[in-house]
Amino acid sequence: MKVMLVWSDVTTVDVYRDQLGIIEIAALLREAGHELDLIYCKKPPTREEVHRKVLAFEPDVLGFSVVTGQWPYSLQIAKYAREVTRAPIVFGGRHPNHDTLRVLQNPEIDVVFKGEAEFEFLEYVNALEQKTEWRGINNIAYLKPNGDLHENPLTHLIDDLDVLPIPYREIFPYKEILRKRGGVFSVMAGRGCPYKCTYCAAPTTVEQYKDNGKIFRKLSVPRLLEQIHIYRERYPEITQIDFEDDVFCLSKPWVKDFSKAYADEVGLPFTFLARVESFNEEIMTDLASAGATKVKIGLESGNEWIRHEVMNRKMNNNRIIRAFDLCRSLGVRTQAFVMVGVPHETREHVQDTFDLMERIQPDEVSPAIFFPFPGTKLYDECVEKGLWDGEYVGDCYEKCTLTHPNMTKEEIKYYFHRLTDVVVQNDVKRNPRGAFDLLANFENANVSPQWSPDIKVSYLGNSYFGSFGIHAPAPSEIRYDIPPPNGHDWTLNVDFGVHSTHYDFPCRAVRFEIDFEDSGGARRNLMTRELSPYYEDGHKGWHSAKVEIPRTGESGKLVLKTADTQPKDDVNHPLACWGRPFIE
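Residues numbered from 1 in each chain as written. Predicted model: local features only at pLDDT ≥ 70, side-chain atom pairs only at ≥ 80, totals over all residues. Heavy atoms only, no water.

A look at the overall build of the protein chain
Along the backbone of the protein chain there are 17 helices and 26 strands. A compact globule built from 584 residues would reach a C-alpha radius of gyration of about 25 Å, and the protein chain, at 27 Å, matches this within 12%. Counting every position in the protein chain, which comprises 584 residues, the buried fraction comes to 56%. Taken as two groups, the 69 positive and 87 negative side-chain charges of the protein chain have centres that lie 1 Å from each other. (Helix = DSSP H or I, 4+ residues; strand = E, 2+ residues; numbered from the N terminus. Rg over C-alpha atoms; globule rule 2.2 N^0.38 Å. Buried < 20%, exposed > 50% of the residue type's maximum accessible area, 1.4 Å probe, protein only. Lys, Arg positive; Asp, Glu negative; His and termini not counted. Charge placed at Lys NZ, Arg CZ, Asp CG, Glu CD.)

Right, dumping it as structure tokens:
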């Protein structure tokens with residue numbers, strides 16, 4: 001049989017991921033002698049592309065693995081495919097598992113496979129090849145002629161994951177994916193999560209398989225290392241291992257066996273996901289000695305009430321603080337996953353998240369905008385209360401899809417972007433410059449427009465002005481309350497410029513202005529410069545200024561402004577930046 005597998009991974013970020021369901025199913029099908037091809041979309045699919053792939057391969061069946069964010073793209077691929085083939089179209093994965101009826105109500109989709117169904121899908125393909133009855137196969141769901149949903153029982157979960165073949169990653173352009181990842185090899189050491197977070201569909205899966213298998217399972221250490229050895233031989237460019245298990249270190253005996261064997265046989269640096277409840281000093285010491293360089297920890301909120309009562313995450317801030325301090329003491333980097341826009345969250349709750357980030361000082365922060373995934377408790381609440389607008393997004397970085405009762409969508413996106421740069425903010429706070437560092441005090445500035453997510457402290461990537469600065473797309477105004485100069489002459493040191501991506505196409509010029517406003521409200525302009533880098537070579541690059549601040553003996557306000565002008569017929573708005581401003 002000719003089986004065409006389909007994986008859509010359209011996102012706003014340039015991330016290349018394995019789809020572990022696809023590569024495991026591909027391994028089973030390949031072992032059974034079936035011919036394989038893949039539709040792999042990193043951009044929204046086009047009719048021409050799908051037609052070309054399907055007509056060239058002429059599949060006997062198309063199998064889709066679908067997560068919620070990719071549902072619209074996957075459905076579009078199915079619609080395009082149906083225009084040129086009558087082969088059965090089968091959907092599996094998280095989204096069809098938890099939204100089965102609505103998925104099957106699309107006439108292009110013939111069958112849904114629910115739960116863990118690698119062997120059942122193979123059985124289905126074999127039945128099609130042998131022209132035998134397939135409707136009694138476990139895990140299958142389909143619509144009866146009258147439109148009613150029929151769902152077969154689920155097969156008992158696989159207790160021994162070692163029976164699965166080594167995943168067949170080469171169905172993807174794997175060498176290119178490795179190159180784009182910088183040599184990072186992703187692997188799953190096990191399956192399942194026993195926790196019951198309200199924003200995650202794992203509890204629904206646990207309920208699905210109640211009395212039908214153990215949810216949390218691990219590969220044996222020898223089988224896991226065998227997989228790593230095989231791929232290191234195939235791809236010597238592998239330089240790091242990323243374990244993608246939802247909870248990597250839940251089993252203390254397994255971790256101890258793994259740590260010793262991995263250190264002896266592999267020795268590459270590795271990263272993993274963990275919950276603070278799942279590790280202690282002994283476990284982290286073992287993993288650090290084996291080569292762990294970073295642990296990725298889901299915190300979601302800095303407010304304990306939101307975490308406990310809304311998200312069902314039963315961990316307190318003290319435990320989180322101890323966990324991050326422990327990792328730091330062992331030299332293991334930390335990455336904190338946080339979320340904004342959760343139902344019931346307020347601005348004060350979001351501030352608690354910023355406060356916790358300030359306390360634990362993670363090396364990286366990965367924020368997300370809350371999205372209600374089908375199969376979760378919070379999805380049911382959002383639908384019941386009419387909060388969700390019904391839009392699907394490719395990832396949790398695009399937009400807010402809730403009509404939130406406590407915050408606007410603009411505010412939520414603003415908080416998301418601020419969390420993205422919280423590590424930069426912490427860096428400049430730890431190493432302030434001069435008598436008053438404008439970056440270190442940015443969170444106390446009055447920014448206009450207030451909820452612009454693009455006005456932020458960020459890494460600008462140019463050592464000329466110390467790497468850090470303020471993204472300030474025009475028009476913007478950033479007002480600082482500065483203390484009195486105490487009899488000393490104060491000078492503002494600042495660099496400014498238009499981002500280099502705007503050098504080579506027509507764009508509006510940017511006017512940079514610095515004003516001083518005294519306590520009586522009187523303003524004095526200290527500097528005005530206009531840059532038009534598309535038209536003037538001398539306006540490219542970064543420009544430095546030393547601006548004398550008037551000695552009034554009183555506190556005042558320092559105002560950094562950008563405005564755009566429109567020479568000729570330009571319409572593009574360039575990105576203006578203030579590079580590492582500080583007062584000395």
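Observations concerning helix α16 (residues 409-420)
Its twelve residues place the ends of α16 17 Å apart at the C-alpha level, agreeing with the 16 Å of an ideal helix rising 1.5 Å per residue. Every buried residue belonging to α16 is among E411, I412, Y414, Y415, F416, H417 and L419, and all of these are buried. On its buried side, α16 packs onto β14 (333-340), α14 (347-360), β15 (364-369), α17 (422-430) and β18 (456-459). (Expected span 1.5 Å × (residues − 1). Contact = heavy atoms within 4.5 Å.)

Some words on the sheet that holds strand β17 (residues 446-448)
Strand pairing within a sheet occurs via backbone hydrogen bonds; the two strands may be parallel or antiparallel. The strand order across the open sheet formed by five strands is β17-β20-β25-β22-β23, and the pairing between neighbours is antiparallel. The sheet is open, and its two borders are formed by β17 and β23 (523-531), each paired with just one other strand. In this sheet, adjacent strand axes meet at a mean angle of 15 degrees when their direction is disregarded. The pairing of strand β20 (residues 476-482) with strand β25 (residues 556-564) spans seven bridges and is antiparallel. Residue pairing across strands places I482 opposite G556, the latter belonging to β25. (Pairing = 2+ DSSP bridges. Axes fitted to C-alpha atoms, helices over the stretch in contact; angles between N-to-C directions.)

Side note on the nonpolar core
Formed by 84 residues in total, the largest nonpolar core has its most connected members in F243, Y262, F272, L287 and L299. Looking at this core, the element that brings in the most residues is helix α13 (residues 317-329), giving six residues. V428, F496, L531 and I583 belong to the second-largest nonpolar core, a separate cluster that totals 36 residues. (Core = buried A, V, L, I, M, F, W, Y, C linked by side-chain atoms within 4.5 Å.)

Here we look at the sheet that holds strand β12 (residues 270-274)
Taken in spatial order, the six strands make up an open sheet running β8-β11-β12-β13-β14-β15, and their pairing is parallel. On the outer flanks of this sheet lie β8 (184-187) and β15, each paired with one strand and no other. Strand-to-strand twist of the sheet, defined as the mean angle between neighbouring strand axes without regard to direction, takes the value 20 degrees. Sheet topology note: the strand β11 (residues 240-243)/β12 ladder contains three bridges and is parallel. In the strand pairing of β12, F243 is matched with F272.

Observations concerning the side chain of Q70
In this structure, Q70 sits in the loop between β3 (61-65) and α3 (71-82). Residue Q70 is classed as buried on the basis of its relative accessible area, which comes to 2%. Side-chain polar atoms of Q70 contact the side chain of S8, separated by 2.7 Å. Engagement of the side chain of Q70 in a polar contact is seen with the backbone oxygen of V10, the distance being 2.9 Å. Residues in contact with Q70, not counting those within four places in the same chain, are S8, D9, V10, T11 and G394. (Polar contact = N/O pair within 3.5 Å; in protein donor to acceptor, adjacent residues only side chain to side chain.)

Things to note about the packing of helix α1 (residues 20-31) against helix α6 (residues 118-130)
Relative orientation of the contacting elements α1 and α6 amounts to 45 degrees, with a least axis distance of 10 Å. Viewed along their axes, α1 and α6 adopt a mutual orientation that is oblique. Both α1 and α6 take part in a crossing whose hand is right-handed. Mapping the contact onto sequence places E24, I25, L28 and L29 in α1 and E118, F119, F121, L122 and V125 in α6. Considering only residue class, the contact of α1 with α6 consists of seven nonpolar, no polar and two charged. (Parallel < 35°, antiparallel > 145°, perpendicular 65-115°, else oblique. Left-handed = near helix turned anticlockwise from the far one by under 90°. Nonpolar A, V, L, I, M, F, W, Y, C, P; charged D, E, K, R; others polar.)

Concerning unusual backbone geometry
Residue P449 is bonded to the preceding S448 through a cis peptide linkage, with omega at 0 degrees. Locating P449 in the fold gives a position in the loop between β17 and β18. P475 follows A474 through a cis peptide bond whose omega is -5 degrees. Summarising the element assignment, P475 is placed in the loop between β19 (468-471) and β20. In this structure, N312 takes a positive phi of about 60 degrees despite not being glycine. Mapped onto the fold, N312 is located in the loop between α12 (304-310) and α13.

Here's the deal with the packing of α14 against α16
Two elements in contact, α14 and α16, have axes separated by 11 Å at closest approach and are oriented at 5 degrees. When the axes of α14 and α16 are compared, the pair comes out roughly parallel. On the side of α14, the interface is formed by R347, V350, T353, F354 and M357, while α16 contributes E411, Y415, R418 and L419. By residue class, the composition of the contact of α14 with α16 is five nonpolar, one polar and three charged.

Observations concerning the side chain of S301
If you trace the backbone, S301 turns up in the loop between β13 (292-300) and α12. A residue is classified by how much of its surface remains accessible, and S301, at 1% relative accessible area, is buried.

Structural notes on the environment of Y209
The residue Y209 is located in the loop between α8 (202-208) and β10 (217-218) in this model. For Y209, a relative accessible area of 2% puts it in the buried group. Spatially, the C-alpha atom of Y209 lies 7.6 Å from that of L154, the residues being 55 residues apart in sequence. If sequence neighbours within four positions are ignored, Y209 has contacts with K114, G115, E116, N139, L154, T155, L157 and I215.

Some thoughts on the environment of F270
Mapped onto the fold, F270 is located in strand β12. The exposure class assigned to F270 is buried, which follows from its relative accessible area of 0%. Spatially, the C-alpha atoms of F270 and T293 are 5.9 Å apart, while their sequence positions differ by 23 residues. Apart from residues lying up to four places away in sequence, F270 is in contact with Q240, I241, F243, F258, Y262, L287, A290, G291, A292, T293 and K294.

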